[in-house]
Amino acid sequence: MGGSFGKGDASNACITETKLETKMVEAMRRRASEGSSMKSFNSIILKFPKIDESLRKCKDIFKQFDEDGNGAIDPQELKHCFQILEINCTEEEIDDLFEACDINDDMGMKFNEFIVLLCLVYLLKEDPSALHAKTRMGMPNLEATFETLVNAFVFLDKNKDGYVSKSEMIQAINETTSGERSSGRIAMKRFEEMDWDKNGMVNFKEFLFAFTRWVGIDDNEDEEEENV
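For every chain, the first residue of the written sequence is number 1, and numbering continues from 1 along that sequence. For a predicted model such as this one, the threshold for reporting local features is a pLDDT of at least 70, and the threshold for listing and counting side-chain atom pairs is 80 or more; totals across whole chains, interfaces and linings nevertheless cover every residue. Only hydrogens and water are set aside; all other atoms, that is, all heavy atoms of the structure, feed into the side-chain values.

1. Describing the overall build of the protein chain
Thinking step 1. Comment: elements are numbered from the N terminus, with helices defined as DSSP H or I runs of at least four residues and strands as E runs of at least two. When helices and strands are counted, the protein chain shows 13 helices and two strands.
Thinking step 2. Throughout this description, buried means an accessible area under 20% of the type-specific maximum (1.4 Å probe, protein chains only), exposed means over 50%, and partly exposed covers the range between. Classification of the 228 residues of the protein chain by burial places 53% in the buried group.
Thinking step 3. Within the protein chain, contacts between residues at least 6 apart in sequence are counted, and of these 67% link residues at least 24 apart. In what follows, residue pairs with any heavy atoms lying within 4.5 Å of each other are defined as contacts.

Here it is in structure tokens:
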């Protein structure tokens, strides 16, 4: 079997570096060496509407693979999804990704968790056929959207170590709002929204989950559930 991404921490408590996180950090360090096209945190914020629109276009794909229509993708449905999208992963890798992105540990992947998983696959799997398959499945802008998210994280990761710290977040905000007293509070609020395991460092997966909240994916999911 191929190399595994590694088991995620099912407890979602203070995370020690798992194999999946190690792969994620290594991939992000390689990307950081290429630099980022982002010039300020405001430039990231300005992209929110376009990113939101692109991600929501994946909703039909999500519903297609939610075969029992219960609003969540289970492990077997995810494996079928990978087969259809021609994403080459071992069963162990798929299980590890599912465990890492199922943040509620309920064996059901909601739409925002599915988006995070696809973006992690984009980062971790350098497989041109998989990217081609995404385009062929009617998501031509998805690759560009994921690349924007990678670029945004690289911009925040000033020391290029694969994590974003509090000081890096403050530095990134200050580059936009230099001299404003509120900039520190804004930076801390954004950082706290990302650092859900409260270990003082944010990895790419945590950043992605925060981003789905920032653009409103989570809010709309809640509204849909209330209307059912």
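2. Description of helix α3 (residues 48-56)
Thinking step 1. Residues of α3 that are buried include every one of Phe48, Ile51, Asp52, Ser54 and Leu55, and no others. In an axial view of α3, the angular spread of the buried residues amounts to 165°, which keeps them on one side of the axis. Across α3 from its buried face, at more than 90 degrees, point the exposed residues Pro49 and Lys50. Note: the arc covers the axis-to-C-beta directions of the helix.

3. Examining the nonpolar core
Thinking step 1. Residues grouped as a nonpolar core are buried Ala, Val, Leu, Ile, Met, Phe, Trp, Tyr and Cys residues, joined through side-chain atoms within 4.5 Å. Counting residues in hydrophobic clusters, the biggest one holds 66 residues, and the most contacted among them are Phe82, Met169, Phe204, Phe207 and Phe211.
Thinking step 2. In terms of residue count, the dominant contributor to this core is helix α7 (residues 111-124) (12 residues).
Thinking step 3. Apart from residues lying up to four places away in sequence, phenylalanine 211 is in contact with Ile44, Phe48, Ile51 and Leu149.

4. Observations regarding the pattern of salt bridges
Thinking step 1. We define a salt bridge as a contact between a side-chain nitrogen of Lys or Arg and a carboxyl oxygen of Asp or Glu at a distance within 4 Å. Applying the stated criterion across every chain yields a total of eight salt bridges.
Thinking step 2. The residue glutamate 147 makes a salt bridge to arginine 31 at a minimum N-O spacing of 2.1 Å. Placement of glutamate 147 in helix α9 (residues 142-156) and of arginine 31 in helix α1 (residues 19-32) is noted, with a sequence separation of 116 residues between them.
Thinking step 3. Residue glutamate 193 pairs with lysine 189 through a salt bridge whose shortest N-O separation is 2.6 Å. Pair noted here: glutamate 193 and lysine 189 are both in helix α11 (residues 183-194), with a separation of four residues, about one helical turn.
Thinking step 4. When its relative accessible area of 21% is taken as the criterion, glutamate 193 is described as partly exposed.
Thinking step 5. Classification of lysine 189 by relative accessible area gives exposed; the value is 52%.
Thinking step 6. Linked by salt bridges that have partners in common, Arg31, Glu34 and Glu147 make up one network.

5. Some thoughts on the confidence of the model for the protein chain
Thinking step 1. Confidence scores here are pLDDT values: one per residue, from the predictor, ranging 0 to 100. Per-residue confidence for the protein chain gives a mean pLDDT of 80, with 77% of residues at or over 70.
Thinking step 2. Overall, residues 1-16 carries pLDDT values under 50, and its contacts beyond four positions in sequence, including any with other chains, amount to 42 contacts.

6. Structural notes on the environment of methionine 188
Thinking step 1. One can find methionine 188 in helix α11.
Thinking step 2. It is 9.6 Å that separates the C-alpha atoms of methionine 188 and isoleucine 173, two residues lying 15 residues apart in sequence.
Thinking step 3. Among residues more than four places away in sequence, those in contact with methionine 188 are Lys166 and Ile170.

7. Remarks on empty space enclosed by the protein
Thinking step 1. A 1.4 Å probe that fits but cannot get out identifies a cavity on a 1 Å grid over protein atoms alone, an open set with protein on both sides within 12 Å along at least five of seven lines counts as a pocket, and a residue lines either if it has an atom within 4 Å of a point. Grid points are joined across faces, edges and corners, and a volume is the space filled by probe spheres set on the points. Applying the stated criterion across every chain yields a total of two cavities of 30 Å³ or more.
Thinking step 2. Estimates place the volume of the second largest cavity at around 30 Å³.
Thinking step 3. Lining the second largest cavity we find Leu55, Ile115, Val116, Leu149, Leu208, Phe211 and Thr212.
Thinking step 4. Those elements giving two or more residues to the lining of the second largest cavity turn out to be α7 and α12 (204-214).
Thinking step 5. Element by element, the count of residues in the lining of the second largest cavity is highest for α12, at three residues.
Thinking step 6. Asp, Glu, Lys and Arg are counted as charged, while Ala, Val, Leu, Ile, Met, Phe, Trp, Tyr, Cys and Pro are counted as nonpolar; the rest, among them Gly, fall into the polar class. Counted by class, the lining of the second largest cavity contains six nonpolar, one polar and no charged residues.

8. Observations concerning the packing of aromatic side chains
Geometry of an aromatic ring pair is reported as the spacing of the ring centres plus the angle between the planes.
Thinking step 1. We call Phe, Tyr and Trp rings a pair once their centres come within 6.5 Å, taking the six-membered ring for Trp, and we label the pair stacked below 30 degrees between planes, edge-to-face above 60, and tilted otherwise. One pass over the full model with this rule turns up 12 aromatic pairs.
Thinking step 2. Look at phenylalanine 48 and phenylalanine 211: their rings are 5.0 Å apart centre to centre, the planes differ by 70°, and that puts the pair in the edge-to-face class. A residue pair is termed long-range when its members are at least 10 positions apart, and phenylalanine 48 in helix α3 and phenylalanine 211 in helix α12 qualify at 163 residues.
Thinking step 3. The buried category is assigned to phenylalanine 48, whose relative accessible area is 10%.
Thinking step 4. Members of the aromatic cluster, each reached through a chain of ring pairs, are Phe41, Phe48, Phe153, Phe204, Phe207, Phe211 and Trp214.

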